[in-house]
Amino acid sequence: MEISVEKKDLANGLQKMVGAINLKPSLPALSFILLEAEGEKLFLTATDLELTIKTIIPCRVKGKGKLLVPGRRFTNIIKELPEAEIEITEDKTKKTCIAVNNIFFTLPGLKTEEFPTLPKIGKGTSLKMKEGALKIMLKRTRFSIAYDETKAFLRGLLFSFKKDSLILVGTDTRRLAYIRKSFPSPVERDLILPIKLIDELEQCLGQEEEVEVAINPNQITFKTGDTLIISQIIEGQFPSYETVFPPEEGLKKIKVKRLGLIDAVRRVSLLASERYNSLRFDFAPKKMTVSINSPEVGEAREQIPAEYSGETTAISFNPVYVLDVLKNLETENIIIGITDPLKPALIQPDSQEEYKYVLMPVKIE
Amino acid sequence: MEKERIERYLKNSIARGRLNSAYLFFAGILQDKEKTALNFAKAIECEKEDFPCNTCENCLKIESFTHPDVKWLKGEGAVSSLAVEEIREIGKEMYFKPYRGKKKIYIFEIERLNEESSNAFLKTLEEPPEHTILLLIAKSDKEFLPTIVSRCQKIMFSSKKVFTEEEKELQKKLIKTVDSLSLESPAHLFDIAEEISKSDSLPLSFDLLLYFYRDLLLLKNRAKDFLINSDLSNHSKLNSSQIIRIIKNIANTKGDLHRSANLKLSIELMLMNILDITRPQLQPQRLKVSKSTKKDIKIWTQIYAD
């Protein structure tokens, strides 16, 4: 292989690989990046067997071929090189040589056969959606996923493709975020997709462009621009989420300013201690009180205006779970819906968006 | 069962689509179990109808241990085991669908699990996703919790090893060499040590010697049924405790292979120990030895003073 490529292009391409390079790989090849030169293109591929990223960058190919470069090190080297055309060649001993002006690097190689072959894609169902719309959906649900839960399906986000809509659900069993968008889908299928993919997508997706999604039995592929993001699907049955939604009937709704509530929760939870870490929310006509009472630390109370006309009632929540959702919404007002101090409550934006955030209350002391 | 029969049986269960989610290969010889596990993995992932074809990409990658869906986990430590974190990691990872193969196969080569690891392992065994197959290679099925064993299909390997003609020849030659050892010509012993240490059939040579003495021991204890085909004449003079000492000795030296010990030195020591065990009645002072040999003996007694 013999190519020359602009530093800027290569550095940009390598930047996209970061999420898929494994630092503690089970196969040696997984810490490497595969470079394939053909035509006037250089293909970069990295995989950790959970997430696979492939991208194309322009280059001048003097001799086509492929080679493996140690991912981390190669990326760091390219980053430090001056803005110029970089020559990459493979020498007779199968080592990778990098040369710019009077700078030379030689890196040991690895047989390209050791790199896992890309899973076959393309035969599955494919569909297109607006990148910005998907990004919003991910933002609204991503934060609810459990990080270190033993149940595999809780470490992923549910993508439920229905005939006329796409539903995303994330949960850690104590709270659940649900969003639905009208969207004609050619398939009806429930997929659980890993958190790593979600994070990668949030970074890569733009606004106006369209992302192409291909669904295969074991993998899902997102194609955005020149980049392919392939992820393994998590095997498992997602818990049925409809049953946890509080019934519309008997739901007491309180409308409150989102930013005002964020500030109040932040301030009052300064007195949260390890033992007393839940905030009490009292609702009375036209006002709402956020308070905490930790015997060892102190007491705090803040009153904020609210649109509410029902009877007085109170409920307690973990402040982290409240802040998480408030930070990931954008509307001026939000609506809190409660039925009973011991039953799941609902937080929704005051907009047309079909979004539901269900959270379990904490028992009031 | 013998290795060949086991492989046939496993192939049949693939053909009938009756695979279990967990297997325990135990007893028998490690190399047999490893080979069978490898062939089993190939047969599962192979794309051809006549599996395993040994030519498709899946087969080749499994053979070279680079298949993304076939993980080989070897335990660490004197008694090989796996850390609990490692098992938990697998418990998480196995839920991702296979990368390119049909199934995800995890092969665990372990002897024992501590309590924490056992519990973690049990958890992964409880409801493995449909696409995973766990394969445990162990010395014995007694070392694991019964709850673990009961979730695996147990496959007991026969310890009967069938030697090839070449192996038989090599064994005969080795035994002959060991028999020819004599204190009267230590130089000869050094030559033999040199020869063995440089031969390319090294781990095998040790194994063949071990098998030989193992058989001898079994014969002494009237357990003829378990014999591996060996010609055992002329060695009946050794008693059980002597044979056990010899076996320990060889096994120790075999262990040196993995350390970067001076191999020739280890083998010399092994041969001398064997000599010492087999002919304890010959005390050096009662021997008539030439001056030069005496010097030799002096040198190597100094070397191995401890």
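As recorded in an unreviewed UniProt entry, chain A goes by the name Beta sliding clamp, listed as coming from bacterium. Checking UniProt for chain A, the heading Subcellular location (unreviewed entry) contains the comment "Cytoplasm".

Caption draft 1: The pairing of strand E4 (residues 51–58) of chain A, seen in detail. Residue and element names in this part refer to chain A. Among the eight residues of E4, six are classified as buried, and the element is accordingly described as predominantly covered. As judged from the seven bridges shared by strand E3 (residues 41–47) and E4, these two strands associate in the antiparallel manner. Paired with lysine 41 across the strands is proline 58, a residue of E4. With antiparallel pairing between neighbouring strands as the criterion, E3 and E4 make up a hairpin whose turn holds three residues, including leucine 49 at a positive phi of roughly 75°.

Caption draft 2: Up close: the interface of chain A and chain B. Taken together, the contact between chain A and chain B spans 25 residues of the former and 18 residues of the latter. Buried area between chain A and chain B, both sides added, is near 1,900 Å², and the carbon and sulfur share of it is 54%. Applying the counting criterion to the chain A and chain B interface returns one salt bridge. With a shortest N-O distance of 3.6 Å, lysine 97 of chain B and glutamate 235 of chain A are connected by a salt bridge. Across the contact surface, chain A and chain B share 13 residue pairs in polar contact (both at pLDDT 80 or more). Residue composition of the side of chain A that touches chain B, by class: eleven nonpolar, eight polar and six charged.

Caption draft 3: Just the UniProt feature "domain: DNA polymerase III beta sliding clamp N-terminal" (unreviewed entry) in chain A, in detail. As annotated in UniProt, the feature "domain: DNA polymerase III beta sliding clamp N-terminal" (unreviewed entry) corresponds to residues 1–119 of chain A in the numbering used here. What you have in residues 1–119 of chain A is 18% helix and 45% strand, and the ends, taken at the C-alpha atoms, are 24 Å apart.

Caption draft 4: Broad picture of the UniProt feature "domain: DNA polymerase III beta sliding clamp C-terminal" (unreviewed entry) in chain A. Here, the residues flagged by UniProt with the feature "domain: DNA polymerase III beta sliding clamp C-terminal" (unreviewed entry) are residues 247–362 of chain A. In this annotation, residues 247–362 of chain A is assigned 17% helix and 45% strand; the end-to-end C-alpha distance for the span is 19 Å.

Caption draft 5: Structural context of the packing of helix H1 (residues 3–15) of chain B against helix H2 (residues 30–45) of chain B. All names here are of chain B. Remark: H1 packs on H2, axes separated minimally by 10 Å, with the N-to-C direction vectors making an angle of 20°. With respect to H2, the element H1 is oriented roughly parallel. H2 is crossed by H1, and the crossing has right-handed handedness. Residue-level contacts link Lys3, Ile6, Glu7, Leu10, Lys11 and Ile14 of H1 to Asp32, Lys35, Thr36, Asn39, Phe40, Ala43 and Ile44 of H2. Grouping the constituent residues of the contact of H1 with H2 by class yields six nonpolar, two polar and five charged.

Caption draft 6: Representation of the confidence of the model for chain A within the structure. In this model, chain A carries a mean pLDDT of 91, and residues with pLDDT of at least 70 account for 98%. Of all the helices and strands in chain A, strand E10 (residues 125–130) of chain A carries the lowest mean pLDDT, 88, while strand E25 (residues 354–359) of chain A carries the highest, 96.

Caption draft 7: Expanded view of the environment of serine 266 of chain B. Residue and element names in this part refer to chain B. Note on placement: serine 266 falls in helix H11 (residues 263–278). Of the residues examined, serine 266 reaches a relative accessible area of 10% and is grouped as buried. Separated by 120 residues in the primary sequence, serine 266 and proline 146 have C-alpha atoms spaced 41 Å apart.

Caption draft 8: Main features of helix H6 (residues 319–327) of chain A. Within H6 of chain A, seven of the nine residues are buried, which leaves it mostly tucked inside the rest of the structure. One side-chain oxygen of the residue at the start of H6 of chain A lies 3.0 Å from the amide nitrogen of valine 320 of chain A, identifying that residue as asparagine 318 of chain A.

Caption draft 9: Main features of the domain arrangement of chain A. Residue and element names in this part refer to chain A. Taken as a whole, chain A is organised into domain 1 (2–114), domain 2 (125–242) and domain 3 (246–359). Computed over C-alpha atoms, the centres of domain 2 and domain 3 are 28 Å apart. Between domain 2 and domain 3, the contact holds 13 residues from the first and 13 residues from the second. The largest contributions to the domain 2 side of the interface with domain 3 come from Arg140, Phe143 and Arg175, which together make up 43% of the buried area. Counting across the domain 2 and domain 3 interface gives five salt bridges. For aspartate 324, the salt bridge goes to arginine 175, with nearest N and O atoms at 3.0 Å. On the surface where domain 2 and domain 3 come into contact, there are eleven residue pairs in polar contact (both at pLDDT 80 or more). Going through the elements one at a time, helix H3 (131–142) and strand E13 (175–182) are the ones with two or more residues in the side of domain 2 that touches domain 3. It is E13 that provides the largest number of residues to the side of domain 2 that touches domain 3, a total of six residues.

Quick notes on the rules
- Residues numbered from 1 in each chain as written.
- Chains lettered and ligands numbered in written order.
- Predicted model: local features only at pLDDT ≥ 70, side-chain atom pairs only at ≥ 80, totals over all residues.
- Heavy atoms only, no water.
- UniProt positions renumbered as here; feature names shortened; annotations may be inferred.
- Buried < 20%, exposed > 50% of the residue type's maximum accessible area, 1.4 Å probe, protein only.
- Helix = DSSP H or I, 4+ residues; strand = E, 2+ residues; numbered from the N terminus.
- Pairing = 2+ DSSP bridges.
- Contact = heavy atoms within 4.5 Å.
- Buried area = accessible area lost by both parts, 1.4 Å probe.
- Salt bridge = Lys/Arg side-chain N within 4 Å of Asp/Glu carboxyl O.
- Polar contact = N/O pair within 3.5 Å; in protein donor to acceptor, adjacent residues only side chain to side chain.
- Nonpolar A, V, L, I, M, F, W, Y, C, P; charged D, E, K, R; others polar.
- Axes fitted to C-alpha atoms, helices over the stretch in contact; angles between N-to-C directions.
- Parallel < 35°, antiparallel > 145°, perpendicular 65-115°, else oblique.
- Left-handed = near helix turned anticlockwise from the far one by under 90°.
- pLDDT = per-residue confidence, 0-100.
- Domains from an automatic or database assignment.

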